[in-house]
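Structure assessment
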Amino acid sequence: MRSPGFRRTCTTAIAAVMALTAVAACSSSKGNGATTADGKTALTINCMPPTSNKVDRTSFQNDIKTFTKQNPKIDLTAHDTFPCEDPKTFDAKLAGGQMENVFYTYFTDVKHVVGINQAADITSYVKDMPGWNEIDPKLRAMYTVDGKVYGVPRTNYTMGLLYNPTLFKKAGLDPDKPPATWEEVRADAKKIAALGGGTVGYADYSAQNQGGWHFVAELYSQGGQAVDASGKKATVDTPQGKAVLQNLHDMRWNDNSMGSKQLLILNDVQQMMGTGKLGMYISAPDNVPTIAKQYGGDYQDMALAPMPGGKATLAGGDGYMFNKNDTPAQIKAGLKFLGLETNTPGKGLSNWQYLAQQKSPVGLPEPRLWTQGGSYDQKNLALKKQYANIPVANYQAFADGNPKLTPMIEPPNAQQIYSVLDSTVSAVLTNKNADIDSLLKDAQTKIDSVLAQQS
């Protein structure tokens, strides 16, 4: 859900495309827009942080100033297009010729953008980008289609288990040995819930498509998949799918470790964690600062472990692609800027010194963009450790363990699939007598129908 992976089609954006057509000729990525009047290479990029995010926006603006000073023949203009990608206008901007030269995408967008012929092939250019080969091959593969490179990864995340070490101690559990299996999650959740006083051992989402999202994440963790390799057949009515639902059912109804309030969403669970009344839930590391800043959580009361199950973890992230109309000079200029902004330890998005000075959290285990053990990765980790202002030890188990799991991105047509599975999960958490076998069979049929409509 952090990278929702909306599947878009140009046909759903016709009206928006027509609205853009009148000004399409002004696109900076076309024709004589490739150079300025004084002969500079004109380059536009989106996803400049919004004015509401003063720290990141100032950093981005400073990076542009540094870049243009170092590259006086490049005229770089950044656009504040928050949210960085709006599913309602994304395809329309592409088809209408209004997309920036360098534009933001989720990992789940790549095949779609390439499939509708809206991305430039940058294979022959990336070899000259400093540090390109240092990027984790699994992340580079996210922007590779049929052996051709179409983009550069920017950040990445994987799901893990966020837990409260203080509650673990109170429940007689070892906070340095978080649960590694779903059986252990269940056992630990029961002990935490037994503390009483409204304490919940384990929480999960079950509304607004978020329940379906977490079902898939938990399915992955046990070695299952939501959709088969062809992308045309659902694979949720399986032993792994049943194990996910049975575990949730048993924690909810047999152990009473999930609390009585259900149909929870992200904000609900983050608030529960912030008040110190929740033992565990699955999450990406980016939840930690949100819980601390918005819900009063203490960094000392939050720790991360690898995704239980030991098989795989739902992974996501984002990066930049290049407009199909970009000139070679624009592609080279764009890669040069990304080399500074996204791919240099201690600079751009990895300027840990600046972030620490601005009292932004430094020390979370992700993003982990570069190959582990490589020179870029080691330099980045050293800088992050030097300027860390949160308890790094709390996230070490996650940092060591999650990279050993198989990363799996969200399924095709993710939001429609999540909508179907939302009902499945909510039924189990709100009805003690829910028929798990029937629920999975029904979900399988409905997801097959969704996939058939897209084939």
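The sections below set out a description of the structure shown in this document. What you see is a predicted model, and the numbers here were worked out from it, not measured in a lab.

**Quick look at the overall build of the protein**
- Within the protein, the regular secondary structure consists of 18 helices and twelve strands.
- Across its three principal directions, the C-alpha atoms of the protein cover 70 × 50 × 35 Å.
- Split into buried and exposed, the 455 residues of the protein put 56% on the buried side.
- For the protein, the accessible surface area stands at approximately 19,500 Å², while carbon and sulfur atoms represent 51% of it.
- When the 45 basic and 42 acidic side-chain charges of the protein are each reduced to a single mean position, those positions are 4 Å apart.

**Thoughts on the packing of aromatic side chains**
- Throughout the structure, instances matching the rule amount to eleven aromatic pairs.
- Ring centres of tyrosine 104 and tyrosine 106 lie 5.6 Å apart, and the angle between their planes is 75°; this geometry places the pair in the edge-to-face category.
- Judged by relative accessible area, which is 7%, tyrosine 104 ranks as buried.
- For tyrosine 106, a relative accessible area of 14% gives the class buried.
- Over the ring of tryptophan 132 we find arginine 140; its NZ or CZ atom is 5.9 Å from the centre of that ring.
- Positioned over the ring face of tryptophan 253 is arginine 252, at 3.9 Å from the centre of the ring.

**A closer look at the environment of serine 206**
- Note that serine 206 resides in the loop between strand E8 (200-202) and helix H9 (210-221).
- It is 8.8 Å that separates the C-alpha atoms of serine 206 and alanine 427, two residues lying 221 residues apart in sequence.
- A distance of 3.0 Å separates the side chain of serine 206 from the backbone nitrogen of leucine 263, its partner in a polar contact.

**Some words on H9**
- With twelve residues, H9 extends 17 Å between its outermost C-alpha atoms, agreeing within 8% with the 16 Å of an ideal straight helix rising 1.5 Å per residue.
- With twelve of twelve residues buried, H9 is to be regarded as a mostly interior element.
- Within H9, burial applies to Gln210, Gly211, Gly212, Trp213, His214, Phe215, Val216, Ala217, Glu218, Leu219, Tyr220 and Ser221.
- Directly after H9, the chain includes glycine 223, whose backbone phi takes a positive value near 90°.

**Some points on the nonpolar core**
- Counting 73 residues, the largest nonpolar core has Tyr202, Phe215, Leu248, Met280 and Leu314 as its most contacted members.
- Here this core gets eight residues from one element, more than from any other, and that element is helix H17 (residues 414-430).
- Counting 47 residues, the second-largest nonpolar core is a separate cluster that includes Ile64, Ala78, Ala119 and Trp132.

Analysis parameters
- Residues numbered from 1 in each chain as written.
- Predicted model: local features only at pLDDT ≥ 70, side-chain atom pairs only at ≥ 80, totals over all residues.
- Heavy atoms only, no water.
- Helix = DSSP H or I, 4+ residues; strand = E, 2+ residues; numbered from the N terminus.
- Buried < 20%, exposed > 50% of the residue type's maximum accessible area, 1.4 Å probe, protein only.
- Areas by Shrake-Rupley, 256 points an atom, 1.4 Å probe, with all protein chains shown as cover.
- Lys, Arg positive; Asp, Glu negative; His and termini not counted.
- Charge placed at Lys NZ, Arg CZ, Asp CG, Glu CD.
- Phe/Tyr/Trp six-rings, centres within 6.5 Å; stacked < 30°, edge-to-face > 60°.
- Lys NZ or Arg CZ within 6 Å of the ring centre and 35° of its normal.
- Polar contact = N/O pair within 3.5 Å; in protein donor to acceptor, adjacent residues only side chain to side chain.
- Expected span 1.5 Å × (residues − 1).
- Core = buried A, V, L, I, M, F, W, Y, C linked by side-chain atoms within 4.5 Å.

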